[in-house]
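Spelled out, the chains give:
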Amino acid sequence: MTTRLLIVGPQGSGKGTQGVRVAEAFGIPVVSTGDIFRANIKQGTELGLKVKAITDAGDLVPDEVTGEIVTDRLSQADAAEAGFLLDGYPRNAAQVQHLDAFLEGQGASLDAVILLDVPREESIARITERATLEGRSDDTEEAVAHRLSIYESETAPIADTYAERGVLDRIDGVGSLDEITERIFRALEARGLQRV
Ligand code: AMP
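Just so you know, the residues in each chain are numbered from 1, in the order the chain's sequence is written. Under the rules for a predicted model, residues below a pLDDT of 70 receive no local features and side-chain atom pairs below 80 are neither given nor counted, while totals for whole chains, interfaces and linings still include all residues. Note: side-chain values were computed over all heavy atoms of the structure, leaving out hydrogens and water.

1. A word on the pairing of strand E1 (residues 3-8)
Phase 1 of the analysis: Residue burial is assigned from relative accessible area. The probe radius is 1.4 Å, only protein chains are included, and a residue is buried under 20% of its type maximum, exposed over 50%, and partly exposed in between. Where helices and strands are cited, they refer to DSSP runs of H or I of at least four residues and of E of at least two residues respectively, numbered from the N terminus. Counting buried positions along E1 gives six out of six residues, so the element sits mostly inside the fold.
Phase 2 of the analysis: Of the two faces of E1, the one lined by Thr-3, Leu-5 and Ile-7 and the one lined by Arg-4, Leu-6 and Val-8 are each fully buried.
Phase 3 of the analysis: Following DSSP output, two strands are said to pair if at least two bridges run between them. Pairing of E1 with strand E3 (residues 83-87), which is carried by five bridges, proceeds in the parallel orientation. Within E3, the residue paired with Leu-6 across the bridge is Leu-86.

2. A word on the packing of helix H7 (residues 120-134) against helix H8 (residues 141-155)
Phase 1 of the analysis: Their axes nearest at 11 Å, the elements H7 and H8 cross at an angle of 140°. The orientation of H7 with respect to H8, classified from their angle, is oblique. The handedness of the crossing between H7 and H8 is right-handed. Contacts between H7 and H8 involve Arg-120, Ser-123, Ile-124, Ile-127 and Arg-130 on the former and, on the latter, Val-144, Ala-145, Arg-147, Leu-148, Ser-149 and Glu-152.
Phase 2 of the analysis: Tallied by class, residues from the contact of H7 with H8 come to five nonpolar, two polar and four charged. Helix axes are fitted to C-alpha atoms over the stretch in contact, other axes to C-alpha atoms as well, and angles between N-to-C directions run from 0 to 180 degrees. To sort the angles, those under 35 degrees are grouped as roughly parallel, those over 145 as roughly antiparallel, those from 65 to 115 as roughly perpendicular, and the leftovers as oblique. Each helix crossing is assigned a hand: it is left-handed if the near helix lies turned anticlockwise from the far helix by less than a right angle, otherwise right-handed if that turn is clockwise. Here, two residues are considered to be in contact whenever any of their heavy atoms come within 4.5 Å of each other. For this scheme, ten residues count as nonpolar: Ala, Val, Leu, Ile, Met, Phe, Trp, Tyr, Cys and Pro. Four count as charged, namely Asp, Glu, Lys and Arg, and the remainder, Gly too, count as polar.

3. Things to note about the packing of aromatic side chains
Phase 1 of the analysis: Paired rings are identified among Phe, Tyr and Trp, the last through its six-membered ring, by centres lying within 6.5 Å, and are further divided according to the angle between planes into stacked (under 30 degrees), edge-to-face (over 60) and tilted (the rest). What the rule picks out here adds up to one aromatic pair.
Phase 2 of the analysis: The ring of Phe-185 has Arg-195 sitting right over it, with the charged end atom 3.9 Å from the ring centre. Only lysine NZ and arginine CZ atoms are considered, and such an atom sits over a ring when it is within 6 Å of the ring centre and within 35 degrees of the ring normal.

4. Let's talk about the pairing of strand E4 (residues 112-117)
Phase 1 of the analysis: For E4, the tally of buried residues reaches five of six residues, placing the bulk of the element in the interior.
Phase 2 of the analysis: Sheet topology note: the E1/E4 ladder contains four bridges and is parallel. For Leu-5, the partnering residue across the bridge sits in E4 and is Ala-112.
Phase 3 of the analysis: Judged from the five bridges that link them, E4 and strand E5 (residues 168-172) form a sheet pairing that is parallel. Across the sheet, Leu-115 pairs through a bridge with Arg-170, a residue of E5.

Structure (structure tokens):
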């Protein structure tokens, strides 16, 4: 069985944590563009050098750069065979189109899009906590506010596109980690998607 999922939510919604849990349960790899960029920055690769200033400022890396990274990753054997959970991509309408074209080329489409709903104040509180714990260089107050405004103007609208296609599951993202994971599992099971 191939399961193709996307998790969307504002910064601090817990999508990274929930994404890992869901992917594990379904036996699929997480493809997180944020993680790919952070790993490249840490290793000082050419890509890392190119995107460091952009990610630090909380801006979006150009679509061509991000799109190629994602489609390369999704073409690898594990993702092609078992499927994948995308975290952080697509983030705007152009990226949705790029992903659509790639998946259509494989005669595939997303099985479900999980939208984690978290009020703005709650996401800010969680990011502030993460900044203290992890010290991410893009968790400064200014960059956080900028990322949230990009989320609201560019990313939140993609949920409507997926809702129109009937694949969106809106999940209440407030509660304990386990409660939220259970909500996601229930929504995916209601679509007939099977955990491994
Ligand atoms: P994240 O961990 O998903 O919050 O991503 C961290 C940063 O990586 C973002 O603030 C962007 O600078 C960059 N990034 C991640 N995903 C994308 C994407 N799909 N398009 C453009 N930039 C991205």
